[in-house]
Amino acid sequence: IAAKLARGIAIPLGECVKRLQDLAHGDLHSPLPAIDNKDEIGQMVEASRLVVSDLTLVIEDIGYVLGEMAEGNFNILSKHRESYVGDLQPVLQSIRKINSSLSDALAHIAQSADQVSAGSEQVSNSAQALAQGATQQASAVEELSATVTEITQATLENSQKAKESSNLANEAGAQVQVCSQ
């Protein structure tokens, strides 16, 4: 009777210990032993089942929320808020704070990007106006250069004609002297 009683306690207890060790190593999916005892061992197995179930939900929920945030969806809510009980509540609050902080930071980045874009557009418009002004000035300088060239040519022609006139006047003066003599 003692051996049977010991096995009735030791076997379920050993299975429960094994499952809790697996849980300690990150195994959330292996099933707990099926023990239907209503005694303390049954209660311990049921409590372990609830712990594993709640931890599984919390970890899956954290993965879901962080995955959505990684994809850029910051308008996300936890699917299993009720599983964050006791010492797990600060985890949910921290996730919410991270989400809020990232949302705010991205909103500021978007606003800054809009301001940079507007500033870039203004710089672009100013550069375009400056380029247009430079083109107009280049045209004006080209016209001025052509005018100066024309004036220089006209001056050279006038100088040539003045020399010719001077020569003619000198000849006329010489002929007047000849006539006068």
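Residues numbered from 1 in each chain as written. Predicted model: local features only at pLDDT ≥ 70, side-chain atom pairs only at ≥ 80, totals over all residues. Heavy atoms only, no water.

Student: For this particular structure, what's the right way to read the packing of aromatic side chains?
Tutor: In this description, an aromatic ring pair is defined by two values, namely the gap between the centres and the angle between the planes. Inspection of every chain in the model, using the stated rule, returns 0 aromatic pairs. Lying across the ring of Tyr 64, Lys 79 places its NZ or CZ 4.2 Å from the centre. (Phe/Tyr/Trp six-rings, centres within 6.5 Å; stacked < 30°, edge-to-face > 60°. Lys NZ or Arg CZ within 6 Å of the ring centre and 35° of its normal.)

Student: Explain the nonpolar core here, please?
Tutor: Formed by Val 58, Val 65, Met 69, Ile 76, Tyr 84, Leu 92 and Ile 95, the largest nonpolar core amounts to 7 residues. Per-element tally for this core: the top contributor is helix H2 (residues 40-70), with 3 residues. With residues near it in sequence (within four places) discarded, Ile 76 still touches Tyr 64, Val 65, Glu 68, Met 69 and Asn 99. (Core = buried A, V, L, I, M, F, W, Y, C linked by side-chain atoms within 4.5 Å. Buried < 20%, exposed > 50% of the residue type's maximum accessible area, 1.4 Å probe, protein only. Helix = DSSP H or I, 4+ residues; strand = E, 2+ residues; numbered from the N terminus. Contact = heavy atoms within 4.5 Å.)

Student: Is there a simple way to explain the side chain of Ser 48 in this structure?
Tutor: Tracing the backbone through its elements, the reader meets Ser 48 in helix H2. Residue Ser 48 is classed as buried on the basis of its relative accessible area of 6%. Discounting chain neighbours no more than four positions away, the residues touching Ser 48 are Cys 16, Leu 20 and Leu 32.

Student: What is the right way to read the pattern of salt bridges from this model?
Tutor: Any two side chains of opposite charge can pair, so long as their charged atoms come close to each other. Summed over all chains, the structure comprises 2 salt bridges. Residue Lys 18 pairs with Asp 22 through a salt bridge whose shortest N-O separation is 2.9 Å. Of the two residues, Lys 18 and Asp 22 both sit in helix H1 (residues 2-24), 4 residues apart, roughly one turn of that helix. Across the salt bridge formed by Glu 46 and Arg 49, the nearest N and O atoms sit 3.3 Å from each other. Of this pair, Glu 46 and Arg 49 both sit in helix H2, 3 residues apart, which is roughly one turn of that helix. (Salt bridge = Lys/Arg side-chain N within 4 Å of Asp/Glu carboxyl O.)

Student: Before we go on, may I ask you to explain the side chain of Arg 19 in this structure?
Tutor: Position of Arg 19 relative to the elements: it lies in helix H1. Buried within the structure, Arg 19 lacks any salt-bridge partner; its nearest side chain of opposite charge belongs to Asp 27, at an N-O separation of 4.2 Å. Polar contacts involving the side chain of Arg 19 include one to the main-chain carbonyl oxygen of Ser 30, which spans 2.7 Å. When sequence neighbours within four positions are dropped, the list of residues in contact with Arg 19 reads Asp 27, Leu 28, His 29, Ser 30, Pro 31, Leu 32, Pro 33 and Val 52. (Lys, Arg positive; Asp, Glu negative; His and termini not counted. Polar contact = N/O pair within 3.5 Å; in protein donor to acceptor, adjacent residues only side chain to side chain.)

Student: Would you take a moment to explain the packing of H2 against helix H3 (residues 89-180) for this structure?
Tutor: When two helices pack together, you describe them by how their axes are tilted relative to each other and by the distance separating the axes. Contact geometry for H2 and H3: axes closest at 12 Å, N-to-C directions at 5°. In terms of orientation, H2 lies roughly parallel with respect to H3. Every residue of H3 that contacts H2 at Ile 62, Val 65 and Met 69 is listed here: Val 91, Ile 95, Ile 98, Asn 99 and Leu 102. A class-by-class count of the residues in the contact of H2 with H3 yields 7 nonpolar, 1 polar and no charged. (Axes fitted to C-alpha atoms, helices over the stretch in contact; angles between N-to-C directions. Parallel < 35°, antiparallel > 145°, perpendicular 65-115°, else oblique. Nonpolar A, V, L, I, M, F, W, Y, C, P; charged D, E, K, R; others polar.)

Student: Whenever I open this one, H3 confuses me. Can you help?
Tutor: Turn by turn, an α-helix covers 3.6 residues, leaving residues three or four places apart pointing in a common direction. Between its first and last C-alpha, H3 extends 132 Å over 92 residues, near the 136 Å set by a 1.5 Å rise per residue. What H3 keeps buried is the set Leu 92, Ile 95 and Asn 99. (Expected span 1.5 Å × (residues − 1).)

None of the figures reported here should be taken as evidence of function without further support.
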